[in-house]
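Listed below are the residues making up each chain.
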Amino acid sequence: MSDYDLLISNGIWFDGSATSARTADLAVRDGEVVKVSSKPIDPSTADRVIDATGKWVMPGFVDVHTHYDVEMLVLPELSESVRHGVTTVIIGNCSLTTILSSNEDCADIFSRVEAVPRSAVVGALESHRTWLSSGEYVKAIDNLHLGPNVATFLGQSDLRVSVMGMDRAVDENVVPSQSEIRAMETILTDALDEGFLGLSATTNWIDKLDGDRYRSRALPSTFVKGREFRALNRILRRRGRILQSTPRITLNPNVAKFFLAASSRFRRGKLKVSLLAAADSKAYPPMIYFMMYGAPILNRLLKGGFQWQHLPVPFTVYADGIDLVVFEEFGSGAAALDIKDQLERTELLKSEKYRRWFRRDYENKFSPKIWHRNLYDATVVECPDHTLIAKSFGQIGDERGIHPVDAFLDLVVEYGRDIRWRTTIANHRPKYLDKLAANRSVHMGFGDAGAHLRNMAFYNYHLRLLERVKSAQGKRKPFLTIEQAVNRLTGELADWYNLDAGHLRVGDRADIVIVDPEGLDQSVHGLAQQLIPEYGDLCRMVNRNDRAVSATIINGQVVYQNGHFADGFGKRWGTGRFLPAGQRVRTPGRIVHPLQ
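Definitions and limits used
- All residue numbers here refer to positions counted from 1 along the written sequence of the relevant chain.
- For a predicted model such as this one, the threshold for reporting local features is a pLDDT of at least 70, and the threshold for listing and counting side-chain atom pairs is 80 or more; totals across whole chains, interfaces and linings nevertheless cover every residue.
- Heavy atoms from the whole structure form the basis of all side-chain values; hydrogens and water molecules are not counted.
- Counting from the N terminus, the helices are DSSP H or I runs at least four residues long and the strands are E runs at least two residues long.
- As defined in this context, the radius of gyration uses C-alpha atoms, and a globule is described by 2.2 Å times the residue total to the power 0.38.
- Accessible area is worked out with a 1.4 Å probe on protein chains only. A residue is then buried under 20% of its type maximum, exposed over 50%, and partly exposed in between.
- Two residues qualify as a contact provided that any one of their heavy atoms is within 4.5 Å of a heavy atom in the partner residue.
- Per-residue and other accessible areas follow the Shrake-Rupley method at a 1.4 Å probe size, with only the shown protein chains counted as cover for residues.
- Think of it this way: Lys and Arg go in the positive column, Asp and Glu in the negative one, and His and the chain ends go nowhere.
- Charged side chains are reduced to one point each, which is NZ for Lys, CZ for Arg, CG for Asp and CD for Glu.
- Where each domain begins and ends follows an automated or database-derived domain assignment.
- In short, buried area is how much 1.4 Å probe accessible area vanishes from two parts on joining, totalled over both.
- The salt bridge definition used is simple: a Lys or Arg side-chain nitrogen within 4 Å of an Asp or Glu carboxyl oxygen.
- Definition of a polar contact: a pair of N or O atoms within 3.5 Å, with one able to donate and the other able to accept a hydrogen when the atoms are protein atoms, and with sequence-neighbouring residues admitted only if both atoms are side-chain atoms.
- Throughout this entry, Asp, Glu, Lys and Arg are counted as charged residues, while Ala, Val, Leu, Ile, Met, Phe, Trp, Tyr, Cys and Pro are counted as nonpolar. The remaining residues, Gly among them, count as polar.
- Within this scheme a cavity is a closed region of a 1 Å grid, computed over the protein atoms alone, that accommodates a 1.4 Å probe without allowing it to escape, whereas a pocket is open but has protein on both sides within 12 Å along at least five of seven lines; lining residues each have an atom within 4 Å of a point.
- Grid points are joined across faces, edges and corners, and a volume is the space filled by probe spheres set on the points.
- Paired strands, as defined in this entry, are two strands with at least two bridges between them according to DSSP.
- All axes here are fitted lines through C-alpha atoms, helices being fitted over the stretch that makes contact, and every angle between N-to-C directions spans 0 to 180 degrees.
- UniProt positions are given in the numbering used here, feature names are shortened, and annotations may be inferred rather than shown by experiment.
- Ring pairs shown here join Phe, Tyr and Trp side chains whose ring centres sit within 6.5 Å, with only the six-membered ring taken for Trp; geometry is labelled stacked below 30 degrees between planes, edge-to-face above 60, and tilted in between.
- We call a charge positioned over a ring when the NZ of a Lys or the CZ of an Arg lies within 6 Å of the ring centre and within 35 degrees of the ring normal.
- To form a nonpolar core, buried Ala, Val, Leu, Ile, Met, Phe, Trp, Tyr and Cys residues must be joined to one another through side-chain atoms within 4.5 Å.
- Seen with its strands pointing away from the viewer, a crossover is right-handed if its path from the first strand over the helix to the second goes clockwise.

Looking at an unreviewed UniProt entry, one finds the chain named Amidohydrolase 3 domain-containing protein, with Mycobacteroides immunogenum as its source organism.

Written as structure tokens, this is what we have:
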């Protein structure tokens, strides 16, 4: 019998803590790193050996913002993340979970916001749901043939609907009763007892319900008011857990509310708050200074636990016709997306009255916005008329002697979803991307894996950051060391979220990615497409840069190597586990001891 299940030899070892990397052999037994040696370990002592000469051996990446809640039920291997070295994912973000409410209610709160077919959400829940509580949900996760490890928030929209009913939960005139708030407190406490990370919410009113019953009303968590907000935050603060949310993009922003909630200056204990940010916004360029410097200053003044959550690559989005969530932020755009029937929508887009409305919204310089609303910065990438490809809608309008809005709407009327275009809404300036990547009040995240399947693909943003760091070093303009970048993508996140992940030392679980630095080239920024039969043959955007990751190892098992997944992975067997906050997990389903 061999001493070790797996030996990774002669790799450049990063432990996830930002300390200097060094060449070492790593030995794994029973899913755990049991030896790290600067001297060669005899390969005959291991059942399997991976030669990692010249490669980086590091903790598996942590993806703190995914919406895999539905996909993990039908495709539990979550291969689009695993192939890029992700070994731990966090689900249940943005108030959206599929735990407490009915299947129909869960589909209504999830599908339109995350651009996943509603029929697929309902079908997945009807076929796989075995739970009605947070405890049963944890057991269900561990019974899946999971690829990566999974941690989760409890979604506040799901929580609200389960207690109040959908009708009352999305009525701005309804305030939950004291008994309903007590019921929410009990459910949240039970979820935290099961190891949930905390509570997720959104206060962004552009996030809308799907379905026919309450279509186009804002998500339930956008209606939360002071007493409910404070009651649930008290529990999170007392338990040292996290509030994840999205700020309100209006003329009455609520970012200050989250800074105050995170503060410990006026109360006992700070609250960890993670707030999504399109950090370097094209719509509001000066905001970058508040993003970079506001949080550190306010955290010091208020003794707070506030963090921005930022995508460390350009925030480029794609759209088929008018199907893009940013149109929800102004009245005329939302009116078009409110209509499900394509013929009815087309008639609206033809209307001159509607077009005047759209032009007014487009040209309004004072309305709050996520999208910069510049059709000269929106480029056609696919169209039956090939002469239009690579042109902006503004350029097409100029050539036709019409307003850019009319050019856009004309083409959507003519081609529907067959005209595909792209624009970058944030994170477009390399100088500030580099500064944000080094800012300690900013977490690397917001990849939205498992959502917006036709709109964007950031499954490999970890590799894209490493490519930029490596390239900057080659140009002698470093903004991070490789060790610091690895820490930002692994150990820093796992420690803040209090998860058993992100480190690669003796005694740590063997979640490992082996990266070939020669594969960190421009290919990591490329896009591809993949059919998903489970989602009605929807063709989603993915990343394909298989030279970068030589191997992904989860719980000590090699699940992906040299561009291929292990036989039966995700179908007959899996490696992932539910990761409870604050506890180490070693053998399947058994908690060994608390994190120190």
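Colleague: Hey, could you go over the overall build of the chain for me, with residue numbers and the actual values?
Modeller: Counting its secondary structure elements, the chain contains 20 helices and 25 strands. Taking 596 residues into account, the globule formula puts the C-alpha radius of gyration at 25 Å, and the chain, at 24 Å, falls close to it. Expressed along its principal axes, the backbone C-alpha trace of the chain runs to roughly 75 × 60 × 50 Å. Residue burial in the chain is summarised as follows: out of 596 residues, 62% are buried. The contacts of the chain with a sequence gap of at least 6 include a subset with a gap of at least 24, amounting to 75%. Total accessible area on the chain stands at roughly 22500 Å², and carbon and sulfur atoms take up 51% of it. Of note, the chain has its 75 positive side-chain charges centred 8 Å away from the centre of its 71 negative side-chain charges.

Colleague: Requested: an account of the side chain of serine 9, with residues and values cited.
Modeller: In this fold, serine 9 is placed in strand 1 (residues 4-13). A relative accessible area of 14% means that serine 9 is categorised as buried. Leave out the neighbours within four places in its chain, and serine 9 touches Ala24, Asp25, Val49, Ile50, Asp51, Ala52 and Thr53.

Colleague: Outline the domain arrangement of the chain, supporting the account with residue identities and numerical values.
Modeller: By a widely used convention, the size of an interface equals the accessible area lost when the partners come together. Domain assignment breaks the chain into domain 1 (61-314 + 427-509) and domain 2 (319-421). Using C-alpha coordinates to define each centre, domain 1 is positioned 30 Å away from domain 2. Taken together, the contacts link 19 residues of domain 1 with 21 residues of domain 2. Each partner contributes to the roughly 1700 Å² buried at the junction of domain 1 and domain 2, and carbon and sulfur atoms together form 49% of this total. For domain 1, the biggest contributors to the area lost against domain 2 are Ile206, Arg215 and Arg454; these three give 29% of the whole. Counting every contact that joins domain 1 to domain 2 gives 6 salt bridges. Arginine 454 serves as the salt-bridge partner of aspartate 320, at 2.9 Å between the closest nitrogen and oxygen. Our enumeration of links across domain 1 and domain 2 arrives at 12 residue pairs in polar contact (both at pLDDT 80 or more). A class-by-class count of the residues in the side of domain 1 that touches domain 2 yields 6 nonpolar, 7 polar and 6 charged.

Colleague: Go over empty space enclosed by the protein, please, and point to the residues and values.
Modeller: Per the counting criterion, the structure on display carries 1 cavity of 30 Å³ or more. Roughly 30 Å³ of internal volume is contained in the largest cavity.

Colleague: Can you break down the sheet that holds strand 10 (residues 198-200) residue by residue, with the values?
Modeller: Pairing within the open sheet is parallel, and its 6 strands lie in the order 9-10-11-12-13-17. At either margin of the open sheet sits one strand with a lone partner, and together these are strand 9 (154-155) and strand 17 (442-444). Where strand 12 (residues 272-277) lies against strand 13 (residues 305-310), 6 bridges are found, and the strand directions are parallel. Note on strand 13: the bridge partner recorded for serine 274 is glutamine 307. Sheet strands touched by helix 10 (residues 255-262): strand 11 (242-245), strand 12 and strand 13. Its angle to strand 13, the strand with the most contacts, is close to 135 degrees.

Colleague: I'd like to hear about the UniProt feature "domain: Amidohydrolase" (unreviewed entry) in the chain, residue by residue, with values.
Modeller: With numbering aligned to this structure, UniProt lists the feature "domain: Amidohydrolase" (unreviewed entry) at residues 48-203. As annotated, residues 48-203 has a helix share of 45% and a strand share of 17%, and its two end C-alpha atoms lie 50 Å apart.

Colleague: Please set out the packing of aromatic side chains residue by residue, giving values where relevant.
Modeller: Summed over all chains, the structure comprises 31 aromatic pairs. Seen in terms of ring centroids, phenylalanine 565 and phenylalanine 569 are 5.9 Å apart; in terms of plane orientation they differ by 5 degrees. Their pairing is stacked. A relative accessible area of 27% places phenylalanine 565 in the partly exposed class. On the accessibility criterion, phenylalanine 569 (5% relative accessible area) is buried. The ring of phenylalanine 258 is capped by lysine 257, whose NZ or CZ atom sits 5.5 Å from the centre of that ring. Between the NZ or CZ atom of lysine 272 and the centre of the ring of tryptophan 496, over which it lies, the distance is 5.2 Å.

Colleague: Quick rundown of the nonpolar core? Include the residues and the values.
Modeller: In this structure, Trp308, Ile322, Phe327 and Phe408 are the most contacted members of the largest nonpolar core, which totals 155 residues. By residue number, the principal contributor to this core is helix 16 (residues 404-415), which donates 7 residues. Two domains each donate at least three residues to this core, and these are domain 1 (61-314 + 427-509) and domain 2 (319-421). Not counting residues within four places of it along the chain, the set of residues in contact with isoleucine 322 comprises Phe327, Ala336, Leu337, Arg345, Leu349, Tyr354, Phe358, Phe408 and Val412. The next biggest cluster of nonpolar side chains, apart from the first, holds 18 residues, and it includes Ile8, Val28, Val33 and Ala510.

Colleague: I'd like a description of the sheet that holds strand 6 (residues 61-63), backed by residues and values.
Modeller: Judged by pairing direction, the sheet is parallel, and its 3 strands sit side by side in the order 6-7-8 without closing on themselves. Two strands close off the open sheet at either side, each with one partner strand: strand 6 and strand 8 (149-152). In this sheet, neighbouring strand axes are inclined to one another by 20 degrees on average, regardless of whether the strands run parallel or antiparallel. Pairing analysis gives 4 bridges linking strand 7 (residues 86-91) to strand 8, with the strands arranged parallel. Residue pairing across strands places isoleucine 90 opposite alanine 151, the latter belonging to strand 8. Lying on the sheet, helix 18 (residues 461-474) is in contact with strand 6 and strand 7; it crosses strand 6 at an angle near 125 degrees.

Colleague: Describe the pairing of strand 19 (residues 528-532), listing the residues and the values that go with them.
Modeller: On a regular strand, each side chain points to the face opposite its neighbour's, so the side chains alternate between the two faces of the sheet. Sheet topology note: the strand 19/strand 20 (residues 538-542) ladder contains 5 bridges and is antiparallel. Paired with alanine 528 across the strands is valine 542, a residue of strand 20.

Colleague: Requested: an account of the pairing of strand 11, with residues and values cited.
Modeller: Across the two faces of strand 11 the burial is the same, with Ile242 and Gln244 and Leu243 and Ser245 all buried. Since strand 10 and strand 11 lie parallel, the crossover through helix 9 (residues 226-239) that links them has a hand, and here it is right-handed. Relative to strand 12, strand 11 runs parallel, the two sharing 4 bridges. Following the sheet pairing, serine 245 is matched in strand 12 by leucine 275.

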